[in-house]
Amino acid sequence: MSRPLKVMMVAAEASGDALGAGLAKALKARLGSDVVFVGVGGVAMAAEGVDSPFDITELSVMGWLEGLKAYGVVRRRVADTVALAVAERPDAVVLIDSWGFTIRVAKLIRKALPNAKLIKYVGPQVWASRPGRAKTLATAVDHLLALYAFDAPWFEREGLATTVVGSQALHVDMSGSDPVVFRASRGIAAAAPLLVVLPGSRPSEIRLMTPVYEAAIARLKAADSSLEIAVVAAGTVAADVTARVATWPFRAHLIGEDQKYAAMRAATVALATSGTVSTELALAGAPMVIAYRFQPLSYAIMKPFFTGKYATLFNHAADEEIAKELIQNDATPEKAAAAVGRLLADPAARADQAARQTAALDLMGRQGRDSSELAAEAVLRVIAGRSA
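Now for a quick tour of the structure. All values derive from a computational prediction rather than experimental measurement. (Residues numbered from 1 in each chain as written. Predicted model: local features only at pLDDT ≥ 70, side-chain atom pairs only at ≥ 80, totals over all residues. Heavy atoms only, no water.)

Re the environment of Thr332
Part 1 of the reasoning: Tracing the backbone shows Thr332 in the loop between β12 (324-327) and α15 (333-345).
Part 2 of the reasoning: Take Thr332: its relative accessible area is 16%, and that puts it in the buried class.
Part 3 of the reasoning: Considered as a pair, Thr332 and Met209 are 123 residues apart in the sequence and their alpha carbons are 9.5 Å apart.
Part 4 of the reasoning: Those residues in contact with Thr332 that lie beyond four places of it in its chain are Val212 and Arg293. (Helix = DSSP H or I, 4+ residues; strand = E, 2+ residues; numbered from the N terminus. Buried < 20%, exposed > 50% of the residue type's maximum accessible area, 1.4 Å probe, protein only. Contact = heavy atoms within 4.5 Å.)

Considerations on unusual backbone geometry
Part 1 of the reasoning: At Asp97, a residue that is not glycine, the phi angle is positive and equals roughly 50°.
Part 2 of the reasoning: As for its placement among the helices and strands, Asp97 is situated in the loop between β3 (92-96) and α5 (99-112).
Part 3 of the reasoning: Of note in the backbone geometry, Gln328 takes a positive phi value of approximately 55° without being a glycine.
Part 4 of the reasoning: Counting through the fold element by element, Gln328 comes out in the loop between β12 and α15.

Quick notes on the packing of aromatic side chains
Part 1 of the reasoning: Enumeration according to the criterion identifies four aromatic pairs in this entry.
Part 2 of the reasoning: A ring pair is formed by Tyr292 and Phe294, whose centres lie 4.9 Å apart and whose planes are at 50°; its orientation type is tilted. No difference in accessibility class separates Tyr292 from Phe294, as the two residues are buried.
Part 3 of the reasoning: One aromatic cluster is present, formed by Trp127, Tyr148 and Phe150 through successive ring pairs. (Phe/Tyr/Trp six-rings, centres within 6.5 Å; stacked < 30°, edge-to-face > 60°.)

Things to note about helix α17 (residues 371-384)
Part 1 of the reasoning: For α17, spanning 14 residues, the distance from its first C-alpha to its last is 20 Å, which sits close to the expected 20 Å at 1.5 Å a residue.
Part 2 of the reasoning: All of the buried residues along α17 are Ser371, Ser372, Leu374, Ala375, Ala376, Ala378, Val379, Arg381 and Val382.
Part 3 of the reasoning: The N-capping residue of α17, defined by a side-chain oxygen 3.1 Å from the backbone nitrogen of Ser372, is Asp370. (Expected span 1.5 Å × (residues − 1). Polar contact = N/O pair within 3.5 Å; in protein donor to acceptor, adjacent residues only side chain to side chain.)

Topic: the packing of α15 against helix α16 (residues 347-363)
Part 1 of the reasoning: Where α15 contacts α16, the axes come no closer than 5 Å and their chain directions differ by 105°. Judged on the interaxial angle alone, α16 and α15 are roughly perpendicular. Residues Leu343, Leu344 and Ala345 of α15 touch α16, and the partners they reach there are Pro347, Ala349, Arg350 and Gln353.
Part 2 of the reasoning: Of the residues assigned to the contact of α15 with α16, the class counts are five nonpolar, one polar and one charged. (Axes fitted to C-alpha atoms, helices over the stretch in contact; angles between N-to-C directions. Parallel < 35°, antiparallel > 145°, perpendicular 65-115°, else oblique. Nonpolar A, V, L, I, M, F, W, Y, C, P; charged D, E, K, R; others polar.)

What to know about the packing of helix α9 (residues 203-223) against α15
Part 1 of the reasoning: Remark: α9 packs on α15, axes separated minimally by 8 Å, with the N-to-C direction vectors making an angle of 50°. The orientation of α9 with respect to α15, classified from their angle, is oblique. Relative to α15, the crossing made by α9 is right-handed. Where α9 abuts α15, its residues Val212, Ala215, Ala216, Arg219 and Leu220 lie against Pro333, Glu334, Ala336, Ala337, Val340, Gly341 and Leu344.
Part 2 of the reasoning: Of the residues contributing to the contact of α9 with α15, the split by class is nine nonpolar, one polar and two charged. (Left-handed = near helix turned anticlockwise from the far one by under 90°.)

Details of the sheet that holds strand β7 (residues 194-198)
Part 1 of the reasoning: With respect to topology, six strands assemble into an open sheet ordered β9-β8-β7-β10-β11-β12, the strand pairing being parallel. Each edge of the sheet is formed by a strand with only one pairing partner; in this case those strands are β9 (253-255) and β12. Shown here is a sheet whose adjacent strand axes are inclined to one another by a mean of 20°, direction ignored.
Part 2 of the reasoning: Bridge count between strand β11 (residues 288-292) and β12: four bridges; the pairing is parallel. Residue Tyr292 lies in a different strand from β12, and its bridge partner there is Ile327. (Pairing = 2+ DSSP bridges.)

Quick look at the sheet that holds β3
Part 1 of the reasoning: Strand order in this open sheet of six strands is β2-β1-β3-β4-β5-β6, and the pairing throughout is parallel. Whereas interior strands pair on both sides, the edge strands pair on one side only; in this sheet they are β2 (35-40) and β6 (162-164). Direction aside, the axes of adjacent strands within the sheet are offset by 20° on average.
Part 2 of the reasoning: Sheet strands in contact with α17 are β1 (5-11), β3, β4 (117-121), β5 (143-146) and β6, and its direction is about 160° off that of β4.

Things to note about the pairing of β7
Part 1 of the reasoning: Along β7, five of the five residues are buried, which leaves the element largely enclosed by surrounding structure.
Part 2 of the reasoning: The pairing of β7 with strand β8 (residues 228-232) spans four bridges and is parallel. Note that in β8 the partner of Leu194 across the bridge is Glu228.

Quick word on the pairing of β8
If a strand is regular, its side chains alternate between the two faces of the sheet.
Part 1 of the reasoning: For β8, the buried fraction is high: five of the five residues fall into the buried class.
Part 2 of the reasoning: Of the two faces of β8, the one holding Glu228, Ala230 and Val232 and the one holding Ile229 and Val231 are both buried throughout.
Part 3 of the reasoning: On the question of chirality, the crossover connecting β7 to the parallel β8 by way of α9 is right-handed.
Part 4 of the reasoning: Bridge count between β8 and β9: three bridges; the pairing is parallel. Counted as the bridge partner of Val232 is Ile255 from β9.
Part 5 of the reasoning: The parallel pair β8 and β9 is bridged by helix α10 (residues 238-245), and the resulting crossover is right-handed. (Right-handed = clockwise from strand over helix to strand, strands pointing away.)

The following block contains the structure:
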């Protein structure tokens, strides 16, 4: 009797953990007990049978300076991950997002286990910065699972076989997330303006962005005392967000991951730190303002490498700034309050932005098949030795 297929998955932050969990679930649906998992991930992957040897929250860093500070930890965890691969000898290794960590793991596993199939799930955003990474990835892995059609040509030009699987965020089922019930459960009147704030999922994002949001909200509340505030605390940073919001001089409803989509659907406007959440907000029909700050030194080092026009994916897909982006020096309380205030004051502008966001999601593949199922099919093809 042949042994079960062994798939190793490696994710280093919350968004990758969600992708890994979806992939594991889709593989189990196809193969049942004929597939087993090993690897590195968070709570979502653990629930699908991937037991991580360490806590991945220590790897969730963004920016060059932050990366240098965490270098010792990252190096140790890379070694731990490669040692796990050598011990388990998987048929395939799926390396999910988190470029700095997973590319190091990929190169070392390639040396240690030359026969293992290496698959990258989510490539670096070379359309936005450092296009040379496409060539680096092509030499390190056998296949790429790309989220969007506009990703593929960058890597295929370097000879890397690529399958476009779409983004999980485009297929989130929000039908069970009732905005009316959400508002009622929080004592928020049906007609009250509601600003939903999503400060991020990395410790550095919370540290840099929550003071900006607090000051912006103070300005908005001064202009309209009826404005209700809800803050989403991502699981990986929930304690930090909770502690910070508790000190704000105005009331804010603290929202956990379980009510995130209901809050998004209930929002009049959203103010969000740049990331996957922008796609989810667009899917929920929430007009939004996007902001992001890096540590100043990190930004100074990284800025010359930014080549894309937009940070937000649906803005990039549409090639226009549908959602206002406030990046680095533009991410000030004054500019955030002004951008949010304009949307709060203009129902027609909100409706127009929401409609254009939805149209951009269609350009990104919203009508396609479930991304986890497509990813599972591609992984099995690669293991079997067939191209996409």
